[in-house]
Amino acid sequence: MTSSSMTPRSFADLRGLTPARVALGRSGVSLTTDALLDFTLAHARARDAVHAPFDAAALGAELGALGLTPLLVASRAGSRRDYLARPDLGRQLDPSARAGLEQRASAADLAIVVGDGLSPVAVSAQAVEVVRRLLPRLAAAGISLDPAVVATGARVALGDEIGALLGARIVLVLIGERPGLSAPASLGAYVTLGPKLGLTDADRNCVSNIHAAGISADEAAFKIAWLVREALSRGVSGVALKDESGEGASAPELTAPV
């Protein structure tokens, strides 16, 4: 088919392919009222996601219902204001939390940390379901677990300190990602082998964009299980470990290769 015989595509067709704000039209030199109101609403939802309350106790109870032993901890960010203004405080455990974890060291293969991050809404909506679908895959691979840690005021690197204190070989951090205008409730999963203080993002593997319109909980669990298994097997994570898991969204929960 030649280009001259193809039906011209409209801007409406383009908008149907992406949630990005393209081809919004204009009113004079400004956005249309509908486009402006839609943007304002999306911005408000993103701000609300950042400042939403985080019910650590309720989340711990849900993880407990899955057969895990929840441990509640907090970072040194004593308030949401401190958390946003001082990212470094979110990477350090509160001294009392640190003392408590030192007494729980068990040298299991994997420590799971669920933290509020920049979108507590995402954690409340996605984290427990990801863990639910992940547990049978870890069990099938013979990977032992530490108690699940629920962390308030958490940044990703807080998992390094938690994993090191628990003596875990590898740590998984499930955390709310920075809200976007089209995805205010997106969860991220970070896998780090040999957790210890001083690691960087180059030492981690990330499965991001876990939400209703992104990566499903089942596909995320498939990829996370693959990364955990391969990191333990190969002795590397981060830039040294490429995600070769393939598409896992349609894999059966209990029989998927892990």
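As shown above, the structure is provided for reference.
Residues numbered from 1 in each chain as written. Predicted model: local features only at pLDDT ≥ 70, side-chain atom pairs only at ≥ 80, totals over all residues. Heavy atoms only, no water.

A word on the overall build of the chain. Regarding its fold elements, the chain presents 8 helices and 6 strands. What you see in the chain, going N to C, is helices and strands ordered as α-α-α-β-α-α-β-α-β-α-β-β-β-α. Counting only C-alpha atoms and orienting by the principal axes, one finds that the chain spans roughly 70 × 45 × 35 Å. Among the 258 residues that make up the chain, the fraction classed as buried is 45%. When contacts within the chain are restricted to residue pairs at least 6 apart in sequence, those whose partners lie at least 24 apart make up 70%. Taking the average location of the 25 positive side-chain charges in the chain and that of its 26 negative ones, the two points are 4 Å from each other. (Helix = DSSP H or I, 4+ residues; strand = E, 2+ residues; numbered from the N terminus. Buried < 20%, exposed > 50% of the residue type's maximum accessible area, 1.4 Å probe, protein only. Contact = heavy atoms within 4.5 Å. Lys, Arg positive; Asp, Glu negative; His and termini not counted. Charge placed at Lys NZ, Arg CZ, Asp CG, Glu CD.)

What follows concerns the packing of aromatic side chains. Overall, the coordinates contain 0 aromatic pairs when judged by the stated rule. The ring centre of Tyr83 lies 4.2 Å from the NZ or CZ of Arg155, which sits over that ring. (Phe/Tyr/Trp six-rings, centres within 6.5 Å; stacked < 30°, edge-to-face > 60°. Lys NZ or Arg CZ within 6 Å of the ring centre and 35° of its normal.)

Our next topic: the pairing of strand E2 (residues 110–115). Counting buried positions along E2 gives 6 out of 6 residues, so the element sits mostly inside the fold. The side-chain alternation of E2 yields two buried faces, one formed by Leu110, Ile112 and Val114 and the other by Ala111, Val113 and Gly115. One ladder, built from 6 bridges, connects E2 with strand E4 (residues 170–176); its direction is parallel. When the sheet's bridge partners are listed, Ile112 is paired in E4 with Leu172. Relative to strand E3 (residues 148–152), E2 is paired through 3 bridges, and the arrangement is parallel. Bridging across to E3, Val113 finds its partner in Val149. Chirality of the crossover, the property in question, places the unit of E2, helix H6 (residues 120–140) and E3 among those that are right-handed. (Pairing = 2+ DSSP bridges. Right-handed = clockwise from strand over helix to strand, strands pointing away.)

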